[in-house]
Amino acid sequence: MPTISEEQKAAAVHRLSKMSEQHPELKHRLADARLELAAAILAMDAVEERIQVGEKIHSFQEQFTVDVAESAHAEALADLLRGGQ
């Protein structure tokens, strides 16, 4: 994975701030996507804990849900950065 410079990080913070002001509906969409991702990760972790104590279940569905949520979060972030819908 390439290293992101401090200048690139600062530019991203500036861009996110500017686009969040200009497109509040996209900012809310990003927040919703972040919440969905967090909930999916917590659900996956709960299943993994149950597996570790010997329960015979699989976490495929939870992992798929996390993958979908990650994709939705990335798409919402990209839309916000680009100012699109």
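Below is a short write-up of the structure.

**Some thoughts on the overall build of the chain**
Then, in step 1: The number of helices and strands found in the chain is three helices and zero strands.
Then, in step 2: Reading the chain from its N terminus to its C terminus gives the helix and strand order α-α-α.
Then, in step 3: The C-alpha atoms of the chain give a radius of gyration of 17 Å, which is well past the 12 Å a tight globule of 85 residues would have.
Then, in step 4: Taken across its 85 residues, the chain has 21% of its residues classed as buried.
Then, in step 5: Residue pairs in contact within the chain that sit at least 24 positions apart in sequence constitute 73% of those at least 6 positions apart.
Then, in step 6: Counting only carbon and sulfur atoms, one obtains 59% of the accessible surface of the chain, whose full area is about 6,400 Å².
Then, in step 7: Between the centroid of the 9 positive side chains of the chain and the centroid of its 15 negative side chains there is a distance of 6 Å.

**Quick word on the environment of K56**
Then, in step 1: Structurally, K56 is set in the loop between α2 (24-52) and α3 (60-82).
Then, in step 2: Classification of K56 by relative accessible area gives exposed; the value is 78%.
Then, in step 3: With 41 residues separating them along the chain, K56 and R15 place their C-alpha atoms 46 Å apart.

**Points about the pattern of salt bridges**
Then, in step 1: Applying the stated criterion across every chain yields a total of four salt bridges.
Then, in step 2: A salt bridge links E75 to R29, with the nearest nitrogen and oxygen atoms 3.6 Å apart. Remark: R29 occurs in helix α2 and E75 occurs in helix α3; sequence separation between them is 46 residues.
Then, in step 3: E75 sits in the partly exposed class, given a relative accessible area of 45%.
Then, in step 4: In this structure, R29 and D79 form a salt bridge, with 2.8 Å as the shortest nitrogen-oxygen distance. Of this pair, R29 sits in helix α2 while D79 sits in helix α3; the two residues are 50 residues apart in sequence, bridging distant segments of the chain.
Then, in step 5: Among the residues examined, R29 registers a relative accessible area of 29% and is labelled partly exposed.
Then, in step 6: Several salt bridges share partner residues, and in doing so they unite R29, E75 and D79 into one network.

**Topic: the packing of helix α1 (residues 6-22) against α3**
In a pair of packed helices, the angle between the axes and the distance between the axes together describe the arrangement.
Then, in step 1: Contact geometry for α1 and α3: axes closest at 8 Å, N-to-C directions at 80°. Looking at the two axes, α1 sits roughly perpendicular to α3. Contacts from R15, L16, M19 and S20 of α1 reach α3 at L77, L80, L81 and R82.
Then, in step 2: In terms of residue class, the contact of α1 with α3 is made up of five nonpolar, one polar and two charged.

**Re the packing of α2 against α3**
Then, in step 1: It is at 8 Å that the axes of α2 and α3 come closest, and there the two elements cross at 160°. With respect to their mutual orientation, α2 and α3 come out roughly antiparallel. For α2 against α3, the interelement crossing comes out left-handed.

Calculation criteria
- Think of each chain on its own: its residues are numbered from 1, step by step along the sequence as written.
- Note on the predicted model: pLDDT of at least 70 is required for a residue's local features to be given, and 80 or more for side-chain atom pairs to be given and counted; whole-chain, interface and lining totals, by contrast, use all residues.
- In computing side-chain values, all of the structure's heavy atoms are included and hydrogens and water are not.
- Runs of E in the DSSP output that reach at least two residues are strands. Runs of H or I that reach at least four are helices, and both are numbered from the N terminus.
- Computation of the radius of gyration draws on C-alpha atoms alone. For the globule rule, the value is 2.2 Å times the number of residues to the power 0.38.
- Working definition: with a 1.4 Å probe on protein chains only, accessible area under 20% of the residue-type maximum means buried, over 50% means exposed, and in between means partly exposed.
- By the convention used here, residues are in contact when the closest approach between their heavy atoms is within 4.5 Å.
- For the area figures, the Shrake-Rupley method with a 1.4 Å probe applies, and any residue is considered shielded solely by the protein chains shown.
- Counted charges follow a simple rule, with Lys and Arg positive, Asp and Glu negative, and His plus the chain ends left uncounted.
- Lysine's charge is taken at NZ, arginine's at CZ, aspartate's at CG and glutamate's at CD.
- We define a salt bridge as a contact between a side-chain nitrogen of Lys or Arg and a carboxyl oxygen of Asp or Glu at a distance within 4 Å.
- To obtain an axis, a line is fitted to C-alpha atoms, over the contacting stretch when the element is a helix, and the angle between two such axes runs from 0 to 180 degrees between their N-to-C directions.
- For classification, angles of less than 35 degrees are called roughly parallel, those exceeding 145 degrees roughly antiparallel, those between 65 and 115 degrees roughly perpendicular, and all remaining angles oblique.
- Note that Gly is not counted as nonpolar here; it falls among the polar residues with everything else outside the nonpolar set of Ala, Val, Leu, Ile, Met, Phe, Trp, Tyr, Cys and Pro and the charged set of Asp, Glu, Lys and Arg.
- Handedness of a helix crossing follows the sense of rotation of the near helix relative to the far helix, less than a right angle counterclockwise being left-handed and clockwise being right-handed.

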